[in-house]
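Per-entry structural report
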Amino acid sequence: MKKYFFVIVSITFFLFSCTNPLKQNKKTQTINFRKLTTIEKNSYHIQAKAIFDTILRNNFSGGILVAKNGEIIFEAYNGFYNLEKQERLTEHSPIHLASVSKTFTAVAVLKLVQENKIKLTDSIQQYFPNFPYHNINIQLLLSHRSGLANYLYFMDTAWKKPTLITNKDVLEYLITKQPEPYSLPNKTFHYCNTNFVILASIIEKVTQQSFPSFMKEEIFIPLAMNNTFVFSAADSLKYLPSYGFSNQPYLMDQFDGVYGDKNIYSTVRDMLAWDLALYNPSFIDQTLIAKAFTPYSNEKPGKKNYGLGFRLFIDEKDTTIYHNGWWHGNNTVFTRLLKDTATIITLGNKYNRSIYKSRLLNTIFSKKKFDEELDE
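Residues numbered from 1 in each chain as written. Predicted model: local features only at pLDDT ≥ 70, side-chain atom pairs only at ≥ 80, totals over all residues. Heavy atoms only, no water.

1. Re the sheet that holds strand β7 (residues 95-96)
So the rule is basically this: When DSSP finds two or more bridges between two strands, those strands count as paired. Secondary structure elements are taken from DSSP: a helix is a run of H or I of four residues or more, a strand is a run of E of two residues or more, and numbering for both begins at the N terminus.
Ordered by their spatial adjacency, 3 strands build an open sheet running β7-β9-β8, and the pairing between neighbours is antiparallel. In the strand order of this sheet, the two ends are held by β7 and β8 (229-230), each with one partner. For β7 and strand β9 (residues 264-266), the ladder comprises 2 bridges, and the chain directions are antiparallel. Its bridge partner lying in β9, His-96 is registered against Tyr-265.

This is the structure we're talking about:
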């Protein structure tokens, strides 16, 4: 009988609060994953590369990373970070996450819930008394069940100023103009960017910090996500365009100053740190994460659902946690295979719908296949 010896790889997180440099309150938590054998790593790598070469290599500009048990098994970078300067894309080149940013906003809210600074049952009026739409609480915002209209549509032609729209502008427009809602609160699931713009504004109200500053101090620095940041209107002079399929640059538009729903930039390696942090009870209470991974849009039974800031793909064997994104020329995929303790991260800065097919890399771990219909 063969004997198998398994070595445990330990990943230790050093987490601390950066709001006061004199009071760091360090915590450590070790997560144990079984260390992959050399044979396993080589096998996964060969399979991942074959799939990448088949579905994605052509016209791909961005980074891709596949990890299992916290270990990188495949990683590749193609294309240009700055096409004008012919600056090639590397592991240090941050790319706009588009709607994958919502996963950060959601967890930031949950961390404030954990600290008893926010309740999921809090109404919007508890933070913005003049908000004209009632019976909407924080959980309904997180689960896209508020019924609010999407600001990207109702402010598209209404904004006449030469400046970038900000979160404050969106909030003021909702209060003063009161665009017609999509539906009554909690009536149905309706994916709506407005929800996460409001959530970012609530975070600012509660913490008395700007959203970019709070995210940097409470998430990016503690997790050593050194190439990750929130872009805001104040950063407009440092804007770097993404690109269309034919390499045409996307210039800034009026919506590029709004955050919470988008506007976080990151790298695939920083996103691996994000994936691992979500397993870590020292970073976030796992009962809250379980709540985030619970389906709430059950009026249309099926395999696809939405939790609190995360999309869910549910079958009889497992639930896969994921979110996609699309903004200008950026296409992004963040997929977490909980049963396999694996993650698939693809960030592109040149428009390419094939990026969404990178989730098919899950087949190197199991025979389950995703529905290929795209969810932004």
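2. Details of helix α7 (residues 211-220)
Just so we agree on the cut-off: The classification of residues rests on relative accessible area computed with a 1.4 Å probe and restricted to protein chains. Under 20% of the type maximum is buried, over 50% is exposed, and intermediate values are partly exposed. Working note: the arc is built from the helix axis to C-beta atom directions. Pairs of N or O atoms are called polar contacts if they sit within 3.5 Å, as long as, within protein, a hydrogen donor faces a hydrogen acceptor (for residues adjacent in sequence, only side-chain-to-side-chain pairs).
With respect to burial, α7 is a largely interior element, 7 of its 10 residues being buried. For α7, the full list of buried residues reads Phe-211, Pro-212, Phe-214, Met-215, Glu-218, Ile-219 and Phe-220. Viewed end-on, α7 has its buried residues packed into an arc of 160 degrees, placing them on one side of the element. N-capping of α7 is provided by Ser-210, with a side-chain oxygen placed 3.2 Å from the backbone N of Ser-213.

3. Comments concerning the environment of Ile-64
The criterion, for reference: In this analysis, two residues are considered to be in contact whenever any of their non-hydrogen atoms come within 4.5 Å of each other.
Note on placement: Ile-64 falls in strand β3 (residues 62-68). We classify Ile-64 as buried; its relative accessible area is 0%. The spatial distance from the C-alpha of Ile-64 to the C-alpha of Asn-78 is 9.0 Å, given a sequence separation of 14 residues. Every residue in contact with Ile-64, bar those within four places of it in the chain, is listed here: Phe-52, Leu-56, Phe-74, Glu-75, Ala-76, Val-268, Ile-345, Thr-346, Ser-358 and Leu-361.

4. Quick notes on the environment of Val-113
Residue placement: Val-113 occurs in helix α2 (residues 101-114). For the pair Val-113 and Leu-288, spaced 175 residues apart in sequence, the C-alpha to C-alpha distance is 8.6 Å. With sequence-adjacent residues up to four places away left out, Val-113 is seen in contact with Ile-118, Leu-120 and Leu-288.

5. Brief notes about the sheet that holds strand β12 (residues 319-327)
To be explicit about the condition: Simply put, an axis is a line fit to the C-alpha atoms, just over the touching stretch for a helix, and the angle between two N-to-C directions goes from 0 to 180 degrees.
Pairing in this open sheet of 7 strands is antiparallel, and the strands run β4-β3-β14-β13-β12-β11-β10 from one edge to the other. The strands lining the two open edges of the sheet, one partner per strand, are β4 (71-78) and β10 (304-306). Looking at each pair of strands side by side, their axes are set apart by 15 degrees on average, direction ignored. When strand β11 (residues 311-314) meets β12, the two strands line up antiparallel, connected through 4 bridges. Within β12, the position partnered with Leu-312 by the bridge is Ile-321. Across the sheet, helix α1 (residues 38-55) touches β3 and β4, and the angle it forms with β4 is around 30 degrees.

6. What about α2?
So the rule is basically this: Expected span of a helix: the number of residues minus one, times 1.5 Å.
In a regular helix each residue adds 1.5 Å, so 14 residues correspond to 20 Å; α2 covers 20 Å between its end C-alpha atoms and thus fits that length. Along α2, 13 of the 14 residues are buried, which leaves the element largely enclosed by surrounding structure. In the segment just after α2, Asn-116 is the residue with positive phi, at about 60 degrees.

7. Some details on the environment of Lys-339
Residue placement: Lys-339 occurs in the loop between β13 (330-337) and β14 (342-348). Sequence-distant contacts of Lys-339, that is, excluding residues within four places in its chain, are made with Lys-317 and Asp-318.

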